[in-house]
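Structural overview for review
Okay, here's what each chain looks like letter by letter:
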Amino acid sequence: MRLPLIAGNWKMYKTTAEARAFAAELRQLYDQSKTDVQIAICAPFTQLAVLQEALVGSGIGVGAQNVHFAQEGAYTGEVSIPMLREIGVDYCIVGHSERRQYFGETDETVNLKLKALLQTEIVPILCVGENLAQREAGQASEVVRRQVELALSGLAPEAVSRMVIAYVPIWAIGTGKTASPQQANEMCFCVRQALIDIYDDAVADLVRIQYGGSVKPENVTEIMNMEEIDGALVGGASLIAAKFNEIVNF
Ligand code: PGA
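The following refers to the structure shown. (Residues numbered from 1 in each chain as written. Predicted model: local features only at pLDDT ≥ 70, side-chain atom pairs only at ≥ 80, totals over all residues. Heavy atoms only, no water.)

1. Quick look at the site of the ligand
Every residue near the ligand is listed here: N9, K11, H96, A172, I173, G174, G213, S214, L233, V234, G235 and G236. In the environment of the ligand, an oxygen atom lies 2.9 Å from a nitrogen or oxygen atom belonging to the backbone of G236. Summarising the interface, the protein chains cover 95% of the accessible area of the ligand, which totals 280 Å² for the free molecule. Residue composition of the shell around the ligand, by class: 4 nonpolar, 7 polar and 1 charged. (Near = heavy atom within 4 Å. Polar contact = N/O pair within 3.5 Å; in protein donor to acceptor, adjacent residues only side chain to side chain. Areas by Shrake-Rupley, 256 points an atom, 1.4 Å probe, with all protein chains shown as cover. Nonpolar A, V, L, I, M, F, W, Y, C, P; charged D, E, K, R; others polar.)

As structure tokens, then:
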């Protein structure tokens, strides 16, 4: 049985004061005993320590949105895995399409980051997903499959079993256009099929596959009810504590 994970992705939103206020509000609203899902907030680096402290004992995990693959070094502006571990970060998003599009993230750097993260207890959330042109050309499955293959290249099955993969079609991010539950399910199945082909059924059965792209309180139930979907990566709707709480209590 896969325990679903619903993770908020704040992107570059919220100051420290705003993060503190959000954490206090979500703590009040969220009752861990009433949900069958794990939940987490992936926040900007400068908010991670504050969130970690404010959410201790709440059952709400904390995640980063990126990390460097090297342990340390002359990489101005970057943050390392030991730095995240020191704060007690639980998750780290890797390869979000915004990083691929604006910050030169490649399948190769994604692979290096996964390799490094999977040597620690931090759970990576690998993002894959096609753009609109690729979908319209009928290449969605092919593109996503290739992204999964390259991201996982050289990774051991035991390590991969612990990770989360988020199918986040670029055309559905912040556009209000959600993939239909059937489309999302189909693509999550395509990710699982890739895992079966690269590893085996046992590994594919353990990996949690999320859907992301305009998830909100109004559509989360339908999405979460799909067989192949084990959670959601929630951008815009994770910025308001009450909305995010509604989503995790779908
Ligand atoms: P959105 O973002 O929910 O605002 O569409 C999803 C994401 O990019 O993680």
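The structure having been displayed, the exposition proceeds.
2. Description of the sheet that holds strand β3 (residues 60-64)
With parallel pairing, the 8 strands of this closed barrel are ordered in space as β1-β2-β3-β4-β5-β6-β7-β8. Each adjacent strand pair in this sheet contributes to an overall mean axis angle of 25°, direction not counted. Pairing analysis gives 4 bridges linking strand β2 (residues 38-42) to β3, with the strands arranged parallel. If you follow A40 over to β3, its bridge partner there is G61. In the packing of helix α5 (residues 107-117) onto the sheet, the strands contacted are β4 (91-94) and β5 (123-128), and the crossing angle to β4 comes to about 165°. (Pairing = 2+ DSSP bridges. Helix = DSSP H or I, 4+ residues; strand = E, 2+ residues; numbered from the N terminus. Axes fitted to C-alpha atoms, helices over the stretch in contact; angles between N-to-C directions. Contact = heavy atoms within 4.5 Å.)

3. Focus on the pattern of salt bridges
In the structure shown here, the tally under the stated rule is 12 salt bridges. Linking D197 and R145 is a salt bridge whose minimum nitrogen-to-oxygen distance equals 2.8 Å. Residue D197 is found in helix α9 (residues 181-198), and its partner R145 is found in helix α7 (residues 140-151); the two are separated by 52 residues along the sequence. Looking at D197, the relative accessible area reads 43%, which means it is partly exposed. Take R145: its relative accessible area is 26%, and that puts it in the partly exposed class. Here R192 makes a salt bridge to E228, at a shortest N to O gap of 2.6 Å. Of this pair, R192 sits in helix α9 while E228 sits in the loop between α11 (220-224) and β8 (231-234); the two residues are 36 residues apart in sequence, bridging distant segments of the chain. Residue R192 is classed as buried on the basis of its relative accessible area, which comes to 4%. Taken together, the shared-partner salt bridges connect R2, R192, E228 and D230 into one network. (Salt bridge = Lys/Arg side-chain N within 4 Å of Asp/Glu carboxyl O. Buried < 20%, exposed > 50% of the residue type's maximum accessible area, 1.4 Å probe, protein only.)

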